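Structure at a glance
These are the residues of each chain, in order.
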Amino acid sequence: MNNFYDNFIKPQNVEPDSMLFSTEHIVMSSLCIVFIVTIFLLQMKHCDVNFSKKILKSTSILMVILEIFRISWSTIYYGFSLKNIRFDWCNQICLILPYIALTKKEKLYPYVDLLAFIGGAGVIIYPAWVFYDYAGIHIMAVQSMISHALMVIIPITIVFISDHWEKENNIKKPFVGFIIIATVAFNMSRLLNVNYLIMLKADGIPLLRHFIFPWYWIIVIPLLIFILNKVKMLFQGIRIKINQRQEEIYLVDNEDNKAII
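Residues numbered from 1 in each chain as written. Predicted model: local features only at pLDDT ≥ 70, side-chain atom pairs only at ≥ 80, totals over all residues. Heavy atoms only, no water.

Another point: the layout of surface pockets. The computed volume of the second largest pocket comes to approximately 180 Å³. Surrounding the second largest pocket, Lys53, Leu56, Lys57, Ala101, Leu102, Lys104, Glu106, Tyr109 and Ile161 form its lining. Looking at the lining of the second largest pocket, the elements that each hand over two or more residues are α3 (49–78) and α4 (89–102). In terms of residue count, α3 provides more of the lining of the second largest pocket than any other element does, 3 residues in total. For the lining of the second largest pocket, a count of residues per class yields 5 nonpolar, no polar and 4 charged. (1 Å grid on protein atoms, 1.4 Å probe; cavity = no way out; pocket = protein on both sides within 12 Å on 5 of 7 lines; lining within 4 Å. Points joined across faces, edges and corners; volume = space filled by probe spheres on them. Helix = DSSP H or I, 4+ residues; strand = E, 2+ residues; numbered from the N terminus. Nonpolar A, V, L, I, M, F, W, Y, C, P; charged D, E, K, R; others polar.)

In C-alpha cells, the structure reads:
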C-alpha cells in the first residue's frame, strides 16, 4: 500500500522528463481516444438531443470534479497559492467550459468549443508536460489526460445539441475567446512568474523554442487561425452527419409506424 501511495499519489522526486511517445504516453493517449470515439459513436447511434444533454451534463460535472481534485492535491502538498489554479489555455477552459455547459449559456458555445477541442486534442497527441514531473503513470497525469479527453468530448457533444456552426461563417467568436484567455495568461504569467500559454518563453515546443517572446507569436497566430478554420469545418461536417442520421432515424420510425397501422 505504501508503494502505491509513494509511486502513484504523492509528488515524485524525479528528473523532469516529458516522456513523449513513451509507453505511458501511447497507452494513456490510446485510452483517451477510445473513450472519445466510444462516446461519439454512442451519440451517433442515439442521435437524440436529450441523450446528448445528459452526456454534456455528466462530462461537465466530471470536469469540475477533476479540476477541484487537481487544485486540492496541489494545495495539500504545496500549500495554497494562485499557482495551484493555473491560468494556461487548458486549465482556463476546464474552469470556463463546465460553467457554460451547466448553466446552458448556449450563446457562449462558439467562443470556447473550438478552443477546447484544439487544446484537448493537442495534448492527447503531444502531452509535453503531462508526465513531466510524475515519472509516468501517476494520479495527476491520469487526471490531466482525462480532463483533456473531456475537452474533446464536451465540444463534440455540443455539436449534437447546438447547430451554431451551421450558421457561423467565420471564426471571430473563438478568436475573441482566445484573446480573452491569452490576456488572462499574459497578466498572470507576469504576476506569478509562471509560463502560462507560452507568455514568457516557448521551451519544449519544436521550432518555437528557438525564438524569444513575443516573436514566436508571429508563427503561432496564423497557425491558430488555420487550425480554428479546420476544426470549424470538422464540426460542420459532424453536424451534417448528425442531420443525415436524424433523417434516417425519422424515416425508420415512420416506416415502423406505418407497419403498425
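Let us look at the environment of Val142. Following the sequence through the fold, Val142 ends up in helix α6 (residues 139–161). On the basis of relative accessible area, Val142 is assigned to the partly exposed category, the value being 22%. Considered as a pair, Val142 and Phe8 are 134 residues apart in the sequence and their alpha carbons are 9.9 Å apart. In contact with Val142, other than residues within four places in its own chain, are Phe8, Met28 and Ile137. (Buried < 20%, exposed > 50% of the residue type's maximum accessible area, 1.4 Å probe, protein only. Contact = heavy atoms within 4.5 Å.)

Take the pattern of salt bridges next. Taken as a whole and assessed by the stated rule, the structure comprises 8 salt bridges. For the salt bridge of Arg86 with Asp88, the shortest nitrogen-to-oxygen distance reads 2.9 Å. Here Arg86 falls in the partly exposed class, since its relative accessible area comes to 30%. For Lys173, the salt bridge is made with Glu168, and the minimal N-O distance between the two is 3.0 Å. (Salt bridge = Lys/Arg side-chain N within 4 Å of Asp/Glu carboxyl O.)

Bringing the state of the cysteines into the picture now. This model, assessed by the stated rule, comprises 0 disulfides. We note that Cys94 lacks a disulfide partner, and the nearest cysteine sulfur, in Cys90, lies 6.6 Å from it. (Disulfide = S-S within 2.5 Å.)

Counting residues in each nonpolar core, the largest one holds 73 residues, and the members touching the most others are Trp89, Ile93, Leu97, Phe178, Leu197, Trp217 and Phe235. Put simply, the parts of the chain that give this core at least two residues each are α2 (23–46), α3, α4, α5 (109–125), α6, α8 (172–192) and α9 (217–260). With 15 residues, α6 is the single largest residue contributor to this core. (Core = buried A, V, L, I, M, F, W, Y, C linked by side-chain atoms within 4.5 Å.)

Okay, α8 next. Between the first and last C-alpha of α8 there are 30 Å, a value that for 21 residues agrees with the 30 Å anticipated at 1.5 Å per step. When α8 is considered as a whole, its buried residues turn out to be Pro174, Gly177, Phe178, Ile181, Ala182, Ala185, Met188, Ser189 and Leu192. Viewed along the axis of α8, the buried residues span an arc of 140°, placing them on a single side of the element. Along α8, the residues that are exposed and aim more than 90 degrees away from the buried face are Lys172, Ile180 and Leu191. (Expected span 1.5 Å × (residues − 1). Arc of directions from axis to C-beta.)

Here we take up the environment of Thr38. Residue placement: Thr38 occurs in helix α2. With 201 residues separating them along the chain, Thr38 and Arg239 place their C-alpha atoms 18 Å apart.

Our next topic: empty space enclosed by the protein. Counted by the stated rule, this structure contains 1 cavity of 30 Å³ or more. When its volume is computed, the largest cavity comes out at roughly 30 Å³. Among the elements that make up the lining of the largest cavity, the one with the highest residue count is helix α7 (residues 164–167) (3 residues). Partitioning the lining of the largest cavity into residue classes produces 2 nonpolar, 2 polar and 3 charged.

Let us now look at unusual backbone geometry. With an omega of 5°, the peptide bond between Phe213 and Pro214 qualifies as cis. With respect to the helices and strands, the residue Pro214 is situated in the loop between α8 and α9. A positive phi angle is found at Met19, which is not glycine, with a value near 55°. Tracing the sequence through the fold places Met19 in the loop between α1 (2–9) and α2. Look at Met19 and you get buried, because its relative accessible area is 14%. Look at Leu207: it is not a glycine, yet its phi comes out positive at around 70°.

Right, let's talk about the packing of aromatic side chains for a bit. For the coordinates displayed, the defined rule picks out 14 aromatic pairs. Arranged with centres 6.3 Å apart and planes meeting at 40°, the rings of Tyr216 and Trp217 form a pair that is tilted. For the pair shown, Tyr216 and Trp217 are each scored as buried. Taken together, the aromatic side chains of Trp89, Phe175, Phe178, Phe186, Phe213, Tyr216 and Trp217 make up a single cluster linked through ring pairs. (Phe/Tyr/Trp six-rings, centres within 6.5 Å; stacked < 30°, edge-to-face > 60°.)

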